[in-house]
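Structure at a glance
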Amino acid sequence: AQSVSQHNHHVILSEAASLELGCNYSYGGTVNLFWYVQYPGQHLQLLLKYFSGDPLVKGIKGFEAEFIKSKFSFNLRKPSVQWSDTAEYFCAVRGTGGSYIPTFGRGTSLIVHP
Amino acid sequence: DAGVTQSPTHLIKTRGQQVTLRCSPKSGHDTVSWYQQALGQGPQFIFQYYEEEERQRGNFPDRFSGHQFPNYSSELNVNALLLGDSALYLCASSMQETQYFGPGTRLLVL
């Protein structure tokens, strides 16, 4: 069975600060990894995904994530956050053994002060 | 191109009642998955429909059932509602590997 752990449940930053949200997963095989964002009052949107290849993945709105296989991690980063980045961020993992069902972490609530 | 749509947006029911939630997938998508998102939690997988059959199921009781129609739209039915069923119910559609989520139906059970 696969599982996902997001260590930071609540993060508060000022605009222009750098962001790093942690995500660790547990799974014994090859994985696909995702970060989703849920802005207030909006639906879940895909920020970025990793399937294979370059472990540094760039997504929308200046976000990037790095897959470190040895650490079972897929941390999300952004060098300079904006007030509009205030949202819930969810990491998800999916084993590649035929199931297309991702397992989600419990999420990180990010508040960016202007 | 319309994305994933869900109806209704909000719903209030009482314990013991039954509820039906609806989902229309993104154009061209043939697979629909349903998730339950409790407050402060990530989405939990309920089940997935493909070619009008339940293909996979998460750890949810039989009170949760579903259906997929020939046009790929889907329904989620929950019988004998419990207070703990209060949550945001998300529908996601996909063609192959990436899921696209709808806005959800917020269900409150009193």
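In what follows, the structure referred to is the one given above.
These numbers come from a predicted model, not from an experiment. (Residues numbered from 1 in each chain as written. Chains lettered and ligands numbered in written order. Predicted model: local features only at pLDDT ≥ 70, side-chain atom pairs only at ≥ 80, totals over all residues. Heavy atoms only, no water.)

1. Quick notes on the overall build of chain B
A tally of helices and strands in chain B yields 0 helices and 11 strands. Reading chain B from its N terminus to its C terminus gives the helix and strand order β-β-β-β-β-β-β-β-β-β-β. Taken over the C-alpha trace, chain B has a radius of gyration of 13 Å; the compact-globule value for 110 residues is 13 Å, and the two agree within 12%. Each principal axis of the C-alpha distribution contributes one length, and for chain B these read about 40 × 25 × 25 Å. Considering chain B as a whole, with its 110 residues, one finds that 47% of them fall into the buried category. Long-range pairs, those at least 24 residues apart, make up 51% of the contacts in chain B with a sequence separation of at least 6. Just so you have it, chain B exposes about 5,400 Å², and 49% of that area is on carbon and sulfur atoms. Measuring between centres, the 8 positive side-chain charges of chain B sit 13 Å from its 10 negative side-chain charges. (Helix = DSSP H or I, 4+ residues; strand = E, 2+ residues; numbered from the N terminus. Rg over C-alpha atoms; globule rule 2.2 N^0.38 Å. Buried < 20%, exposed > 50% of the residue type's maximum accessible area, 1.4 Å probe, protein only. Contact = heavy atoms within 4.5 Å. Areas by Shrake-Rupley, 256 points an atom, 1.4 Å probe, with all protein chains shown as cover. Lys, Arg positive; Asp, Glu negative; His and termini not counted. Charge placed at Lys NZ, Arg CZ, Asp CG, Glu CD.)

2. Quick word on the overall build of chain A
Helix and strand counts for chain A come out as 0 helices and 12 strands. Taking 114 residues into account, the globule formula puts the C-alpha radius of gyration at 13 Å, and chain A, at 14 Å, falls close to it. Judged by the C-alpha coordinates and their principal axes, chain A covers about 45 × 25 × 20 Å. By the burial criterion, 46% of the 114 residues in chain A qualify as buried. Summarising the internal contacts of chain A: among those between residues at least 6 apart in sequence, 56% fall at separations of at least 24.

3. Overview of the state of the cysteines
Considering all chains together, one arrives at 2 disulfides over all chains under this definition. For A:C23, the disulfide goes to A:C91, at an S-S distance of 1.9 Å. Around the S-S axis, the bridge from A:C23 to A:C91 shows a dihedral of about -65° and counts as left-handed. Of this pair, A:C23 sits in the loop between β3 (19-21) and β4 (24-26) while A:C91 is found in strand β10 (residues 87-95), placing the two residues 68 residues apart along the sequence. In this structure, A:C23 and A:C91 share a single accessibility class: buried. For B:C23, the disulfide goes to B:C91, at an S-S distance of 1.8 Å. One disulfide, between B:C23 and B:C91, carries an S-S torsion of -60° and so falls in the left-handed class. Here B:C91 lies in strand β9 (residues 87-94) and B:C23 lies in strand β3 (residues 19-24), a separation of 68 residues in the sequence. Take B:C23 and B:C91: they sit in the same class, and that class is buried. (Disulfide = S-S within 2.5 Å.)

4. Some words on the interface of chain B and chain A
Many descriptions give the size of an interface as the accessible area lost when the pieces come together. Between chain B and chain A, the contact holds 20 residues from the first and 17 residues from the second. Across the interface of chain B and chain A, roughly 1,500 Å² is buried in total on both sides, 54% from carbon and sulfur atoms. Its largest share of buried area at the contact with chain A, chain B owes to B:E97, B:T98 and B:F101, together 34% of the area lost on that side. Where chain B meets chain A, there are 0 salt bridges. If you look at where chain B meets chain A, you find 3 residue pairs in polar contact (both at pLDDT 80 or more). (Buried area = accessible area lost by both parts, 1.4 Å probe. Salt bridge = Lys/Arg side-chain N within 4 Å of Asp/Glu carboxyl O. Polar contact = N/O pair within 3.5 Å; in protein donor to acceptor, adjacent residues only side chain to side chain.)

5. What to know about the sheet that holds strand β8 (residues 74-78) of chain B
Residue and element names in this part refer to chain B. Strand order in the open sheet formed by 4 strands is β1-β3-β8-β7, with antiparallel pairing between adjacent strands. Because the sheet does not close on itself, it has two edges, and the strands there are β1 (5-7) and β7 (64-68). The mean inter-strand angle of the sheet, taken between neighbouring strand axes irrespective of direction, is 20°. In terms of strand pairing, β3 meets β8 through 5 bridges, oriented antiparallel. When the bridges of β8 are listed, R22 appears paired with E75. (Pairing = 2+ DSSP bridges. Axes fitted to C-alpha atoms, helices over the stretch in contact; angles between N-to-C directions.)

6. Brief notes about a nonpolar patch on the surface
All names here are of chain B. A surface patch of nonpolar side chains, amounting to about 300 Å² of accessible area, comprises I12, L108 and L110. Structurally, L108 can be placed in strand β11 (residues 105-109). Relative accessible area serves as the criterion here: at 39%, L108 is assigned to the partly exposed category. (Patch = residues over 30% accessible without salt bridge, like charges linked within 9 Å, V, L, I, M, F, W, Y side chains within 5 Å.)

7. Some points on the pattern of salt bridges
Residues and elements named next belong to chain B. In the structure shown here, the tally under the stated rule is 7 salt bridges over all chains. Put simply, E75 and R22 hold a salt bridge, and the shortest N to O gap is 3.5 Å. Of this pair, E75 sits in strand β8 while R22 sits in strand β3, and the two are 53 residues apart along the sequence. By relative accessible area, R22 is classed as partly exposed at 42%. One salt bridge connects R57 with E54, and the closest N-O pair in it is separated by 3.1 Å.

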